[in-house]
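The lines below spell out each chain.
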Amino acid sequence: MPVKILQPFFTAKGWAPFKFQQETWSAYLAGNSGLLHAPTGLGKTLAVYLGPLADSLQHPADGCRILWITPLRALATDTLRALREPLESLAPHLTAEARTGDTPAALRARLRKKLPHTFVTTPESLSLMLTHGDTREKLSQLRCVIVDEWHELLGTKRGVQTELCLARLRAWLPQLRTWGLSATLGNLTQARDTLIPSRSVGVPPASLPLTISADLSKQITIETLIPKEIDRFPWSGHIGTRLAPQVVRHIEKAATTLLFTNTRSQTEIWFQELLSLKPEWQDRLAMHHGSLDRTERDRAENGLRDGSLKCVVCTSSLDLGVDFSPVDQVIQVGSPKGIARLLQRAGRSGHQPGKTSRILCVPSNALELVEFAAARDAAQARHIESRPPLRKPLDVLVQHLVTCAIGEPFLPDEMRGEIRSTRAYHDLTDDEWQWSLGFISSGGKALAAYPRYQKVRVENGRYTVDDKRLILQHRLSIGTISSDPAVVIRFANGHTLGTVEESFIAGIKTGGHLIFSGRHLTLVRFHQRTATVKPAGKTTKGRIAIWGGAKMPLSTELTHAIAQRLKEGSTGILPVSSAETPAPKTLPPAPEMAAIAPILDIQRRWSRLPSDDTLLIEFTRSKEGEHLFLFPFAGRLVHEGLGTLVAYRIGRENSQSIQATQNDYGFSLTAKRGLVLDEQSLRRHLSPDNLLEDLIACMNTAELARRNFREIARVSGLILQQPPGRQDRSRRELQSSATLLFEVLQRYDPENLLLHQSEREILEKQLEYTRLHQVIQNLTQRPFHLVETEHLTPMAFPLWADRLQSTLVAADAATRLADMLEELNVAADSIRPAPQKAIVTEDPSKPAPKPYHLKPIRRRHGF
């Protein structure tokens with residue numbers, strides 16, 4: 001029995017294995033693959049690792065026996081530490097090493113010669129291994145592949161890349177077992193079948209994959225820092241630093257805190273804000289995000305492990321897996337945008353069995369109080385987001401085919417069976433397969449005359465690559481992560497701080513100031529992708545480093561929970577049902593809803609509270625003209641598509657110029673005239689008839705697809721990264737090359753499947769077309785509530801403010817906002833507020849000394 005073999009490790013630790021751990025060990029030793037689902041901090045790593053380790057102890061053999069795939073480089077070091085611990089106790093003769101983008105060159109060279117018993121790597125590094133002809137031999141003793149944090153890879157091209165690599169390994173090793181780890185995911189069965197498809201080569205019917213769920217409940221406490229003063233007409237786009245003094249007090253109470261933000265720029269800003277309030281924390285504050293240099297990230301991670309740091313301000317780079325046991329508090333700044341993300345971050349505290357995980361939510365504007373209350377509702381009801389897997393991204397497929405041809409020439413029929421064994425390509429057609437082979441061998445119909453696109457040649461029926469230059473270029477291009485070209489930030493002495501995007505650094509003149517990695521810097525020189533900097537002295541000015549990326553939309557599950565909270569107003573009575581709790585359950589009143597009650601009271605008096613089972617439509621007039629506000633509660637991306645679609649359809653009828661603005665709750669339309677509050681015409685404009693054709697016409701999807709094609713061209717190998725030693729091409733040059741290729745393919749090869757993929761991706765990425773179609777179908781069944789208001793309501797004001805800020809210069813927008821806020825507050829003051837039933841303080845467990853105060857006019861950034 002595995003427990004007997006593993007008992008010395010548990011005895012030395014004074015632990016007793018959980019039932020789900022023993023169940024996972026037994027399932028592995030019985031020959032099964034599977035997916036393990038358990039809350040963070042309950043011992044998932046030991047559950048999936050000790051079974052394969054017990055097998056190695058029972059059946060010793062040289063070579064690599066266990067391959068561990070991690071989605072983030074930041075997890076590799078901590079994963080190694082966790083895996084080496086049982087090795088030292090049970091098998092000190094066995095080794096564990098990692099190979100990622102952060103691995104030193106000397107260790108990489110050593111790993112190229114011989115792999116350890118346990119090998120930790122990323123999907124990109126595994127793909128790189130497949131380009132070497134001796135990889136099959138080096139992995140000949142492999143018995144198990146473990147994919148950590150599978151939910152993070154699922155639904156992405158990196159996840160598809162992982163699927164393809166696993167298919168290659170299973171073709172080599174039919175008895176290979178695969179196990180995945182997932183902490184927070186709604187579609188577990190689909191996730192398992194994507195990682196371990198039952199049609200995989202060598203999977204016998206008796207060994208179909210399993211799903212094992214821990215029956216241990218992880219106690220998670222979600223609290224909200226409620227501000228003492230709240231604007232009656234808040235809007236989004238803030239960073240919440242007005243609450244920094246209160247956040248500092250909470251940090252002071254805890255031993256170690258992780259403070260999460262949603263963007264790297266926000267991380268830099270909050271670090272500076274905390275440091276300005278507590279300069280004595282200079283050596284006890286740190287920062288962590290993906291653009292910082294490895295040494296900077298190591299400092300933060302090591303400080304968390306040994307407890308020497310008071311607080312680390314971070315992004316999602318510390319979301320996953322890393323075990324920082326000393327962390328006893330997590331703070332989330334701004335809306336988490338999803339329930340799974342909130343639970344994942346909460347699990348960073350109390351990261352041990354039996355410990356309670358706590359997270360303190362800090363709103364950046366008053367409406368986010370509703371989002372935090374709703375997230376708690378959904379988390380308690382276990383309404384967790386699903387991540388649907390991707391289907392047939394052909395750019396990833398052709399990259400993988402070249403990878404395989406470099407490492408080991410393949411026969412097309414054998415490779416087709418291997419590819420179709422994956423969930424992503426199980427319905428790959430013969431035409432798509434033949435196109436893929438033609439693309440890698442000739443470049444396709446339009447590019448056949450250019451040798452550089454003829455990467456693979458056919459020899460004795462096998463597809464192979466033997467051009468050393470092409471092999472080098474391909475190895476440099478392996479991967480599916482795309483971003484603005486990176487510029488290294490470095491001191492003159494060679495010490496590297498990290499990377500920023502070229503578009504940011506190009507906007508700073510020599511001698512100009514910037515803030516990066518928590519430091520105030522002066523730009524000395526920018527040359528060949530390197531920005532040389534020096535400390536800026538005592539200056540407090542400088543541009544905060546910014547990175548590209550769209551705003552995260554609210555998940556469907558969270559928007560539904562928000563709509564339910566708003567529907568119930570400030571009473572806190574929310575009917576919740578789920579598979580675990582099928583009967584309606586009444587939740588206690590939420591302190592967040594009590595705090596925002598006066599705002600909801602104004603909304604109710606001037607209009608009505610929105611919900612997602614009706615459609616609230618408001619009409620009002622201002623100096624800018626007429627405004628329609630619609631609140632479908634479907635998320636930012638869907639509202640972008642809906643707003644543009646309705647504006648196009650109305651404008652097509654009355655030839656008016658209409659501007660659309662969107663947020664996560666709804667969208668607005670603004671025009672000088674021509675907008676009407678008429679249900680019949682609005683239903684016609686929200687009809688699903690000719691939906692795709694009208695979207696293509698109004699969104700200029702051809703231009704969007706052209707821009708998106710650059711990333712597809714890079715992944716598929718049409719655009720290659722430059723070899724070391726040569727100056728990288730700028731982003732403009734890359735886009736120019738991609739645009740030229742796009743136009744050539746459109747003209748001479750319009751049926752090119754990469755063009756079609758680009759169009760499909762832009763519809764899903766830009767508009768969430770599938771979800772949009774479902775929403776617009778649902779809207780046809782909803783009752784409409786049409787309200788003409790004299791003033792902008794609290795729900796409409798954020799949309800109006802966003803439109804104003806996007807169309808006017810900052811000074812003019814600020815003046816207009818102040819005028820409108822004064823007008824709205826005067827109107828609100830004329831209404832006697834409803835009696836406040838509950839008074840809630842920053843700490844809900846303590847009695848409140850006084851009620852909330854609503855600020856009459858916004859004067860400062862934030863609340």
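Residues numbered from 1 in each chain as written. Predicted model: local features only at pLDDT ≥ 70, side-chain atom pairs only at ≥ 80, totals over all residues. Heavy atoms only, no water.

## Regarding the overall build of the chain
Alright, step 1. Summing up its helical and strand segments, the chain has 32 helices and 30 strands in all.
Alright, step 2. Counting over 863 residues, the chain shows a buried share of 58%.
Alright, step 3. Long-range contacts, defined as pairs at least 24 residues apart, comprise 74% of the intrachain contacts of the chain with a sequence gap of at least 6.
Alright, step 4. Just so you have it, the chain exposes about 35600 Å², and 51% of that area is on carbon and sulfur atoms. (Helix = DSSP H or I, 4+ residues; strand = E, 2+ residues; numbered from the N terminus. Buried < 20%, exposed > 50% of the residue type's maximum accessible area, 1.4 Å probe, protein only. Contact = heavy atoms within 4.5 Å. Areas by Shrake-Rupley, 256 points an atom, 1.4 Å probe, with all protein chains shown as cover.)

## Notes on the packing of helix 14 (residues 339–346) against helix 15 (residues 368–380)
Alright, step 1. Interaxial distance between helix 14 and helix 15 falls to 9 Å at its minimum, and their mutual angle equals 85°. With respect to helix 15, the axis of helix 14 lies roughly perpendicular. Here Ile 339, Leu 342 and Leu 343 of helix 14 come into contact with helix 15, specifically with Ala 375, Ala 378 and Ala 379.
Alright, step 2. Taken together, the residues that form the contact of helix 14 with helix 15 break down as six nonpolar, no polar and no charged. (Axes fitted to C-alpha atoms, helices over the stretch in contact; angles between N-to-C directions. Parallel < 35°, antiparallel > 145°, perpendicular 65-115°, else oblique. Nonpolar A, V, L, I, M, F, W, Y, C, P; charged D, E, K, R; others polar.)

## Describing helix 23 (residues 597–606)
Alright, step 1. Judged by how many residues are buried, helix 23 sits mostly within the fold: eight of ten residues are covered.
Alright, step 2. Within the sequence span of helix 23, burial applies to Ala 597, Pro 598, Ile 599, Leu 600, Asp 601, Ile 602, Gln 603 and Trp 606.

## Quick look at the sheet that holds strand 3 (residues 96–99)
Alright, step 1. One open sheet accounts for seven strands, arranged 3-4-2-5-6-1-7; its pairing is parallel. Bordering the open sheet on either side are strand 3 and strand 7 (210–213), each of which pairs with just one other strand. The average angle at which neighbouring strand axes cross in this sheet is 20°, direction not considered.
Alright, step 2. When strand 3 meets strand 4 (residues 118–121), the two strands line up parallel, connected through four bridges. Pairing of Ala 96 across the sheet is with Thr 118, part of strand 4. (Pairing = 2+ DSSP bridges.)

## A look at the pairing of strand 10 (residues 257–260)
Alright, step 1. Residue alternation in strand 10 divides its side chains into two sets, Thr 257 and Leu 259 and Leu 258 and Phe 260, and both sets are buried.
Alright, step 2. Two strands pair when backbone bridges link them, and strand 10 and strand 12 (residues 311–314) are joined in this way by four bridges, in the parallel orientation. Considered in strand 12, the bridge of Leu 258 is made with Val 312.
Alright, step 3. Where strand 10 meets strand 13 (residues 329–333), four bridges bridge the pair, whose relative direction is parallel. In the sheet register, Leu 259 faces strand 13, and the bridge partner there is Ile 331.

## Here's the deal with the pattern of salt bridges
Alright, step 1. Taken as a whole, this structure holds 41 salt bridges when the rule is applied.
Alright, step 2. Between Lys 13 and Glu 85 there is a salt bridge; the shortest N-O distance is 2.1 Å. Of this pair, Lys 13 sits in helix 1 (residues 2–13) while Glu 85 sits in helix 4 (residues 73–90), placing them 72 residues apart in sequence.
Alright, step 3. Given a relative accessible area of 34%, Lys 13 falls into the partly exposed group.
Alright, step 4. The exposure class of Glu 85 is partly exposed, given its relative accessible area of 32%.
Alright, step 5. The salt bridge involving Glu 418 is made with Arg 168; its shortest N-O contact spans 2.9 Å. Residue Glu 418 is located in helix 17 (residues 412–420), and its partner Arg 168 is located in helix 9 (residues 157–172); the two are separated by 250 residues in the primary sequence. The pair Glu 418 / Arg 168 is uniform in exposure class, with both members buried.
Alright, step 6. Three or more residues are tied together by salt bridges with common partners; here these are Asp 78, Arg 81, Arg 294, Asp 298, Glu 301 and Arg 305. (Salt bridge = Lys/Arg side-chain N within 4 Å of Asp/Glu carboxyl O.)

## A short note on unusual backbone geometry
Alright, step 1. One non-glycine residue, Glu 149, lies in positive phi territory at about 50°.
Alright, step 2. By the element assignment, Glu 149 lies in the loop between strand 5 (144–147) and helix 8 (150–153).

## Points about the packing of helix 16 (residues 394–407) against helix 18 (residues 430–442)
Alright, step 1. The contact between helix 16 and helix 18 brings their axes to 10 Å, and the two run at 55°. The angle between helix 16 and helix 18 falls in the class oblique. You can see that helix 16 and helix 18 cross each other, and the crossing is right-handed. Residues Leu 394, Leu 397, Val 398, Leu 401 and Val 402 of helix 16 touch helix 18, and the partners they reach there are Trp 433, Trp 435, Ser 436, Phe 439 and Ile 440.
Alright, step 2. Grouping the constituent residues of the contact of helix 16 with helix 18 by class yields nine nonpolar, one polar and no charged. (Left-handed = near helix turned anticlockwise from the far one by under 90°.)

## What to know about the nonpolar core
Alright, step 1. Leu 258, Val 312, Ile 562, Phe 631, Phe 797 and Trp 800 are the most contacted members of the largest nonpolar core, which totals 69 residues.
Alright, step 2. It is helix 15 that provides the largest number of residues to this core, a total of eight residues.
Alright, step 3. Of all hydrophobic cores here, the second largest spans 43 residues; its members include Val 402, Ile 471, Phe 709 and Ala 713. (Core = buried A, V, L, I, M, F, W, Y, C linked by side-chain atoms within 4.5 Å.)

## Section: the environment of Val 775
Alright, step 1. Relative to the elements of secondary structure, Val 775 occurs in helix 30 (residues 769–779).
Alright, step 2. When the C-alpha positions of Val 775 and Pro 632 are compared, they lie 8.1 Å apart, and in sequence the two are 143 residues distant.

## With respect to the sheet that holds strand 26 (residues 625–631)
Alright, step 1. The five strands are arranged 27-28-26-25-29 in an open sheet whose pairing can be described as mixed. Every interior strand has two partners, whereas the edge strands, strand 27 (659–662) and strand 29 (784–788), have only one. Between one strand and the next, the sheet's axes are offset by a mean angle of 20°, whatever the strand orientation.
Alright, step 2. Lying on the sheet, helix 24 (residues 636–654) is in contact with strand 27 and strand 28 (667–671); it crosses strand 28 at an angle near 30°.

## Focus on the packing of aromatic side chains
Alright, step 1. In the structure shown here, the tally under the stated rule is 13 aromatic pairs.
Alright, step 2. Ring plane angle 5° and centroid distance 5.5 Å describe the contact between Phe 410 and Tyr 463, whose orientation is recorded as stacked. Of this pair, Phe 410 sits in the loop between helix 16 and helix 17 while Tyr 463 is found in strand 16 (residues 462–464), placing the two residues 53 residues apart along the sequence.
Alright, step 3. Ring geometry for Phe 797 against Trp 800: centres 5.8 Å apart, planes inclined by 25°, an arrangement best described as stacked. (Phe/Tyr/Trp six-rings, centres within 6.5 Å; stacked < 30°, edge-to-face > 60°.)

## What to know about a negative patch on the surface
Alright, step 1. A cluster of like negative charges, contributed by Glu 790, Asp 819, Glu 822 and Glu 823, occupies part of the molecular surface.
Alright, step 2. Relative to the elements of secondary structure, Asp 819 occurs in helix 32 (residues 810–829).
Alright, step 3. Given a relative accessible area of 39%, Asp 819 falls into the partly exposed group. (Patch = residues over 30% accessible without salt bridge, like charges linked within 9 Å, V, L, I, M, F, W, Y side chains within 5 Å. Lys, Arg positive; Asp, Glu negative; His and termini not counted. Charge placed at Lys NZ, Arg CZ, Asp CG, Glu CD.)

## Some details on the confidence of the model for the chain
Alright, step 1. Model confidence for the chain is summarised by a mean pLDDT of 84, while 87% of its residues fall at 70 or above.
Alright, step 2. Under a pLDDT of 50 for its full length, residues 723–727 has, in the predicted model, five contacts with residues more than four places off or in other chains.
Alright, step 3. Overall, residues 833–863 carries pLDDT values under 50, and its contacts beyond four positions in sequence, including any with other chains, amount to 73 contacts. (pLDDT = per-residue confidence, 0-100.)

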